[in-house]
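Residue-level structural notes
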Amino acid sequence: PGESSTSFINRLEHQLTNKSISVSGELVDPFTRLLILLQNTPMALVIDGIHQIGNENVVRMIRTCARNLKNGSRLILIDRTDPTLSALERQEIVIERVGSLDEEAVKELVKHKNGPEAIIKDLVKAARQGMIAGHPLTLNVALALFPKDEIPVEDLKKKSARSPAAFKDIVEQGLARLSDAEREAFHTM
């Protein structure tokens with residue numbers, strides 16, 4: 001929040017390449033620099049809250065980046081709505097919808113991730129009450145990081161979906177279970 005696109009690109013360039021990107025010796029605009037980074041440096045760029053971006057130039061930049069990804073780079077959009085993207089752009093962008101899950105979506109997600117049938121009723125009820133069980137990213141992480149018999153159902157039932165700390169806690173619990181090599185692989189995803 002409050003960071004300009006130029007300072008963001010400067011920080012990203014420094015972290016990934018330790019130099020500023022230029023074309024023919026001249027520094028270029030932030031969007032072009034981001035595109036060059038995405039084409040030359042394997043990374044996952046996560047953009048949260050795309051629905052809050054009112055600047056059409058930023059949206060155009062996201063579309064351009066999606067069409068020009070190379071070297072294993074990924075563009076991940078996290079949003080409460082379904083962004084308006086073409087079928088081609090949707091193939092290149094990972095979209096995580098973070099609005100609350102309804103009953104059917106919770107059931108479908110648990111079944112899709114091979115979660116135990118026994119927890120569905122509790123998770124559906126918790127999601128209906130606004131608990132973190134209804135948060136798609138958190139529920140996906142919990143189902144992915146924990147064995148079926150160790151899914152932290154009580155935490156998913158008691159913590160608010162509006163709490164970033166609740167998500168962080170689920171992730172930390174899950175990562176604590178992994179070996180050092182698995183944790184390292186998770187962090188490099």
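Please refer to the structure placed before this passage.
So, here is what we can say about the structure in this document. (Residues numbered from 1 in each chain as written. Predicted model: local features only at pLDDT ≥ 70, side-chain atom pairs only at ≥ 80, totals over all residues. Heavy atoms only, no water.)

1. Here we look at the side chain of N140
- Summarising the element assignment, N140 is placed in helix α7 (residues 136–145).
- Within the structure, N140 has its side chain in polar contact with the side chain of K113 (distance 3.4 Å). (Helix = DSSP H or I, 4+ residues; strand = E, 2+ residues; numbered from the N terminus. Polar contact = N/O pair within 3.5 Å; in protein donor to acceptor, adjacent residues only side chain to side chain.)

2. Structural notes on the nonpolar core
- Formed by 27 residues in total, the largest nonpolar core has its most connected members in V106, V110, L123, L139, I151 and L156.
- Of all the elements in the fold, those that place two or more residues in this core are α5 (103–112), α6 (120–128), α7, α8 (153–158) and α9 (164–176).
- If we ignore the near neighbours within four places in the chain, the residues touching L139 are L101, V106, L109, V110, L123, A133 and L156.
- If you look at the next biggest cluster of nonpolar residues, it comprises 21 residues, including I21, M61, I62 and L85. (Core = buried A, V, L, I, M, F, W, Y, C linked by side-chain atoms within 4.5 Å. Buried < 20%, exposed > 50% of the residue type's maximum accessible area, 1.4 Å probe, protein only. Contact = heavy atoms within 4.5 Å.)

3. Topic: unusual backbone geometry
- Of note in this structure, N114 is not a glycine but carries a positive phi near 60°.
- Tracing the backbone through its elements, the reader meets N114 in the loop between α5 and α6.

4. Observations regarding the pairing of strand β3 (residues 44–48)
- Because side chains alternate across β3, one face comprises the buried residues L45 and I47, and the other comprises A44, V46 and D48, none of which is buried.
- Examined bridge by bridge, β3 and strand β4 (residues 74–79) share five bridges and lie parallel to one another. What sits directly across from A44, in β4, is R74. (Pairing = 2+ DSSP bridges.)

5. A word on the side chain of E13
- Along the polypeptide, E13 turns up in helix α1 (residues 5–16).
- Here R33 takes part through its side chain, which lies 2.6 Å from a polar atom of the side chain of E13.
- Beyond its immediate stretch of four places on either side in the chain, E13 contacts N18, K19, S20, I21, R33 and L37.

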